[in-house]
Structures are given as C-alpha cells and as structure tokens.
Amino acid sequence: MSSAEDLAVLVDALVNDPWMPRPESVSEVEWAEAQSLAEVEKLLGAQGAPALEHDPVAAMLGLRPVPALVLDGPAMKRLRGKLSVSEVANRLQAYGWEVSAADVRSWQNSSAAVALAPALMERIAAVLGSTVEAITRETGSMVDPAIASDPRWESIVERLAAVLRVAWAQAEIRLAGAMTAAAYRHEAPDSFLEAADAYVTRLERSREA
Amino acid sequence: MVEPPPSQVQPDLAALYVRHREVLWRVAQSRLPKHLSHRTEDVIQDVFAKLLEKPPTQLINNWESYLVTLVRRHAITVCRKERDDRHGELPAEDGAAFAVGDGLAERAEAQVVGQALSRVEPRRRHVLERVVIADRPAKEVAAEMGISEGRISVLKKEGLQQLKSELEQQTGVAS
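Rules of the game
- Residues numbered from 1 in each chain as written.
- Chains lettered and ligands numbered in written order.
- Predicted model: local features only at pLDDT ≥ 70, side-chain atom pairs only at ≥ 80, totals over all residues.
- Heavy atoms only, no water.
- Helix = DSSP H or I, 4+ residues; strand = E, 2+ residues; numbered from the N terminus.
- Contact = heavy atoms within 4.5 Å.
- Areas by Shrake-Rupley, 256 points an atom, 1.4 Å probe, with all protein chains shown as cover.
- Buried < 20%, exposed > 50% of the residue type's maximum accessible area, 1.4 Å probe, protein only.
- pLDDT = per-residue confidence, 0-100.
- Buried area = accessible area lost by both parts, 1.4 Å probe.
- Salt bridge = Lys/Arg side-chain N within 4 Å of Asp/Glu carboxyl O.
- Nonpolar A, V, L, I, M, F, W, Y, C, P; charged D, E, K, R; others polar.
- Core = buried A, V, L, I, M, F, W, Y, C linked by side-chain atoms within 4.5 Å.
- Expected span 1.5 Å × (residues − 1).
- Arc of directions from axis to C-beta.
- Axes fitted to C-alpha atoms, helices over the stretch in contact; angles between N-to-C directions.
- Parallel < 35°, antiparallel > 145°, perpendicular 65-115°, else oblique.
- Phe/Tyr/Trp six-rings, centres within 6.5 Å; stacked < 30°, edge-to-face > 60°.

Participant: How would you summarise the overall build of chain A if you had to cite specific residues and measurements?
Facilitator: For chain A, the count of helices and strands is 13 helices and two strands. Restricting to contacts in chain A with at least 6 residues of sequence separation, those with at least 24 account for 63%. When the accessible surface of chain A is totalled, it reaches about 9400 Å², and 51% of it is carbon and sulfur.

Take a look at the structure:
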C-alpha cells in the first residue's frame with residue numbers, strides 16, 4: 001500500500017464490508033491497522049440508544065409508563081407497613097433500580113398522578129409483598145374499551161405473557177405501554193390490534209432467534 | 001416477607017437495561033457493518049428476549065460486561081449469517097476480523113468517546129465530526145474547508161489514529 005490516502009480508503013471499505021478479503025497489495029501489519037481504525041470509526045459513528053420513549057427494547061422490558069395507570073400513594077404508604085422509605089429504596093436498589101428514599105417519599109405523598117415504568121411498579125409491589133393492582137389506580141382506560149373487549153386482544157396479551165413470562169395482567173400493562181407510541185394512538189381498533197399482533201410476533205421471533 | 005441479602009439478588013432486567021442501554025447500543029452498532037446498522041434494535045431485543053426466557057442461573061458479578069458480551073456475540077452471529085447469505089459459507093478463521101480491537105468498544109461509552117474526541121487535534125476532529133459522525137460526503141466537507149478530498153482522507157485517518165490512541169490511554173487497552 002503506497003500512501004496514507006490508500007489506508008484511509010481501505011478503512012472506509014472495511015467499515016462497509018468487514019468480511020472483505022485482504023488485498024494482495026496490503027501487508028498484514030497494514031491490514032491490522034486498517035481493521036482497528038475501522039473499528040474506531042464505527043465506534044465514533046455509533047449513535048447510542050434512542051430516547052427511552054422511542055426504544056422498542058425498553059417497551060418490551062416494561063419501561064414505558066402507561067399514562068392511565070398511576071401509583072396509588074396512600075395505598076403504597078399503607079402497604080409499606082413497618083418498612084421505612086429508606087428500606088424500600090434500598091431494596092429497589094438491590095434489584096438494580098436507581099431510586100432514592102426521596103423518590104419513594106415523593107411517590108407516596110404526591111398529589112399528582114405518578115405513572116412509573118410498569119417493571120418498576122411490579123418490583124415495588126413485590127418489595128411491599130403486594131400486587132400491582134393494589135398499589136396502582138387507573139385514571140382512565142389503558143386501551144380503548146372496544147379493543148380491550150375484543151377476544152383478539154386477550155389472545156395477543158396471552159402470547160405476550162408467555163414471551164415475557166409474566167402474568168396476564170402484567171402483560172396487558174406492558175402491551176398497553178408498548179402501544180402508547182404516537183404511531184398507534186389514533187389507530188382504528190382493527191389496525192391497532194394488527195399492530196399489537198405484529199409487535200408480539202416480532203418478540204416471539206426474537207426469542208427464537 | 002424475607003428478602004434475600006442484596007449480594008444474592010438477581011437484578012431486574014429492566015433496571016439493568018436502563019443502566020447499560022447506551023453502551024449496549026453503541027457496542028451493537030460498532031459491531032455491525034454500516035449496511036446492517038438497521039439490525040441494531042434486533043440484536044439487543046433478541047438478547048433481552050432470550051434473557052427473559054432463560055435468565056442466568058448463576059450470580060453475575062459484572063452485569064455490564066456480561067450483557068456487552070452477549071450483545072457483541074449476537075451482533076457477530078447476525079453479521080456471520082448475513083455474510084454467509086451473501087458470500088456462501090467462509091472458512092472459520094475468517095472470524096478473525098471481529099477479534100481486532102476487542103475490549104475497545106466495550107469500554108468506550110459515549111462519554112469516553114466524547115472525551116477522547118475532544119483531545120484530537122482540531123482540524124482532524126473537524127473532519128471526524130463532519131465525515132464520520134454527521135456522515136456528510138467527504139467532497140462536500142473538502143469544499144467547505146478549501147482542501148482536496150485526498151487531504152480529507154488523510155486527516156480522517158490521522159484523526160482515527162489519534163482517537164484510537166486516546167481511547168487506549170483512557171480505557172487501559174493495550175495497542
């Protein structure tokens with residue numbers, strides 16, 4: 001290889017096709033250098049994760065709050081019993097959640113509706129030895145009643161529950177959260193159900209991939 | 001209810017994902033060739049779907065490292081499948097290309113890359129920011145800077161070399 005410019009061209013080629021064979025004119029040392037620079041270029045060009053509200057993996061894991069499902073602060077306070085807010089926070093932290101005692105205090109005392117990630121609400125309920133139903137209240141329908149009463153919805157939620165290994169009720173919350181994306185908001189029931197079906201089918205395929 | 005001691009608790013996948021998703025996406029993106037970048041989401045989703053189905057039975061000491069390894073491996077699997085589809089099955093040793101730089105992407109979180117980039121010589125950084133990060137055509141950036149396209153290539157290569165060296169110093173990866 002004759003020049004720095006040739007090396008730069010080779011790096012570009014490797015970024016686009018990491019399986020290209022080493023050209024005869026390129027020495028092994030030059031090849032290794034080009035490969036490592038291609039790696040740095042890809043690292044630099046990587047965009048990182050999308051915003052949480054647009055992240056499909058976050059939706060799958062129950063990180064997208066459902067606006068109509070909010071924490072019931074007084075119920076939480078009652079169910080906390082002898083556990084202090086610090087103890088609740090410490091237990092949540094042990095499960096990986098970045099939650100402080102001040103957060104717990106604010107959730108239970110807030111007069112505003114606090115919609116947390118369903119996965120976090122599930123853990124809070126478990127830490128309190130309770131259920132999500134007991135620590136939350138619905139401020140409206142999680143999904144359009146016409147959809148919720150459709151047998152197809154029930155079946156889709158059931159499939160999701162199998163994929164996520166959670167109870168049907170939890171799966172319904174997760175699915176409602178995933179389907180809060182703007183793209184689905186104004187869909188007619190049939191289109192909404194088709195989109196929900198496609199979403200779950202994709203997760204089923206992911207599990208088998 | 002009796003809670004297990006924190007050291008024996010398996011963290012929630014959702015909580016782990018919130019904490020590590022930036023680096024996981026970056027690792028997946030950096031492992032996939034440009035034309036497969038649209039598969040990044042699939043790679044991460046597949047990994048977590050499998051973890052949901054079959055969580056690790058042993059206690060994991062370093063979750064970031066564990067998740068990064070899973071994502072990296074799956075990205076390579078996706079690459080290999082694509083490669084085989086395109087070129088037919090190639091000899092196993094061809095996988096050597098993926099071993100180069102192991103450890104660099106894993107440790108180079110967004111913040112680390114940003115810090116390293118800020119130490120790159122300004123003209124080189126200017127080129128990296130426009131050609132690599134913003135993905136603008138070299139010809140356009142060359143015209144803007146009043147230099148040849150060939151000079152852009154050289155500045156980009158020098159910038160990548162300097163960035164690699166900065167990253168290695170920051171992350172403790174030997175060159």
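Once the structure has been displayed, the description carries forward.
Participant: Let's hear about the overall build of chain B: which residues, and what values?
Facilitator: Scanning chain B for helices and strands turns up eight helices and zero strands. When each of the 175 residues of chain B is scored for burial, the buried share is 48%. Taken as a whole, chain B presents about 8700 Å² of accessible surface, with 49% of it coming from carbon and sulfur.

Participant: Tell me about the confidence of the model for chain A, and name the residues and values.
Facilitator: When pLDDT is averaged along chain A, the result is 88; 96% of the residues meet or exceed 70. Mean pLDDT across the elements of chain A bottoms out in helix α12 (residues 182-185) of chain A (58) and peaks in helix α5 (residues 85-94) of chain A (95).

Participant: Describe in detail the interface of chain A and chain B, supporting the description with residues and values.
Facilitator: On the side of chain B, 64 residues touch chain A, which itself brings 56 residues to the contact. When chain A packs against chain B, the two sides together hide about 5600 Å² of surface, and 62% of this comes from carbon and sulfur. Three residues stand out in chain A for area buried against chain B, namely Trp19, Leu43 and Leu44 of chain A, and they jointly supply 16% of the buried area on that side. Linking chain A with chain B are eight salt bridges, by the criterion used here. Arg202 of chain A is the salt-bridge partner of Glu41 of chain B, the closest N and O atoms lying 2.7 Å from each other. Sorting the residues of the side of chain A that touches chain B by element identifies α1 (4-16), α2 (28-45), α3 (56-60), α5, α7 (118-127), α10 (151-164) and α13 (189-208) of chain A as the ones contributing at least two each. The dominant element in the side of chain A that touches chain B, judged by the number of residues it contributes, is α2 of chain A, at twelve residues. Across the side of chain A that touches chain B, the residue classes tally to 33 nonpolar, nine polar and 14 charged.

Participant: Tell me about the nonpolar core, and name the residues and values.
Facilitator: Counting residues in each nonpolar core, the largest one holds 86 residues, and the members touching the most others are Met60, Leu61, Trp97, Trp107 and Leu175 of chain A together with Phe48 of chain B. If one sorts the elements of this core by residue count, helix α1 (residues 13-31) of chain B sits on top with ten residues. Discounting chain neighbours no more than four positions away, the residues touching Trp107 of chain A are Leu71, Gly73, Met76, Leu92, Val99, Val114, Leu116, Leu120 and Ile124 of chain A. If you look at the next biggest cluster of nonpolar residues, it comprises 24 residues, including Leu14, Val15 and Leu43 of chain A together with Leu163 of chain B.

Participant: How would you explain α13 of chain A if you had to name every residue and give the values?
Facilitator: Taking 1.5 Å as the rise per residue, α13 of chain A with 20 residues should run 28 Å; its terminal C-alpha atoms sit 29 Å apart, in good agreement. Every buried residue of α13 of chain A is accounted for by Phe192, Leu193, Ala195, Ala196, Tyr199, Val200, Leu203, Glu204 and Ser206 of chain A.

Participant: Can you lay out α10 of chain A for me, pointing to particular residues and giving the numbers?
Facilitator: With 14 residues, α10 of chain A extends 20 Å between its outermost C-alpha atoms, agreeing within 8% with the 20 Å of an ideal straight helix rising 1.5 Å per residue. Listed as buried for α10 of chain A are Trp153, Ile156, Val157, Leu160, Ala161, Val163 and Leu164 of chain A. Down the axis of α10 of chain A, the buried set is contained in an arc of 160 degrees. They therefore lie on one face. Tucked into the core, α10 of chain A has its buried residues touching α3, α9 (145-148), α11 (168-178) and α13 of chain A together with α2 (40-53) of chain B. In the stretch just after α10 of chain A, Arg165 of chain A is the one whose phi turns positive, near 60 degrees.

Participant: Residue-level account of the packing of α7 of chain A against α11 of chain A, with values.
Facilitator: Residues and elements named next belong to chain A. Relative orientation of the contacting elements α7 and α11 amounts to 150 degrees, with a least axis distance of 10 Å. Looking at the two axes, α7 sits roughly antiparallel to α11. Of the residues in α11, those in contact with Pro118, Ala119 and Glu122 of α7 are Gln170, Ile173 and Arg174. Classifying every residue of the contact of α7 with α11 gives three nonpolar, one polar and two charged.

Participant: If you had to explain the pattern of salt bridges to someone new, which residues and values would you point to?
Facilitator: Residue and element names in this part refer to chain B. This structure, assessed with the given rule, holds 23 salt bridges over all chains. Measuring nitrogen to oxygen at the nearest pair gives 3.8 Å for the salt bridge that ties Arg125 to Glu129. Placement of the pair is Arg125 and Glu129 together in helix α6 (residues 122-133), with a separation of four residues, close to one helical turn. Note on Glu129: relative accessible area 32%, which makes it partly exposed. Each of Arg125, Glu129, Arg130, Arg136, Glu140 and Glu144 takes part in salt bridges that share partners, so that together they form one network.

Participant: Lay out the confidence of the model for chain B in plain terms, naming residues and giving numbers.
Facilitator: Confidence along chain B averages 81 in pLDDT terms, with 78% of residues attaining 70 or more. Within the model, pLDDT remains below 50 along residues 89-102 of chain B, and this stretch shows 22 contacts once partners closer than five positions in the same chain are excluded.

Participant: Residues and numbers for the packing of aromatic side chains, please.
Facilitator: Residues and elements named next belong to chain A. Overall, the coordinates contain three aromatic pairs over all chains when judged by the stated rule. On the numbers, 6.2 Å between centres and 40 degrees between planes, the contact of Trp153 with Phe192 is tilted. Of this pair, Trp153 sits in helix α10 while Phe192 sits in helix α13, placing them 39 residues apart in sequence. The exposure class of Trp153 is buried, given its relative accessible area of 0%.

Participant: Please give an account of the environment of Glu82 of chain B that cites residues and values.
Facilitator: Here Glu82 of chain B shows up in helix α3 (residues 63-87). Here the alpha-carbon distance between Glu82 of chain B and Leu36 of chain B, two residues 46 residues apart in the chain, equals 8.7 Å. Setting aside residues up to four positions removed in sequence, Glu82 of chain B forms contacts with Trp19 of chain A together with His35 and Leu36 of chain B.

Participant: Describe unusual backbone geometry, and please don't skip the residues or the numbers.
Facilitator: Its identity as a non-glycine residue notwithstanding, Arg165 of chain A has a phi of 60 degrees, on the positive side. Structurally, the position occupied by Arg165 of chain A is in the loop between α10 and α11. Under the relative-accessibility criterion, Arg165 of chain A is labelled exposed at 53%. In this structure, Asp135 of chain B is a non-glycine residue whose phi angle is positive, near 55 degrees. Structurally, the position occupied by Asp135 of chain B is in the loop between α6 and α7 (138-145).

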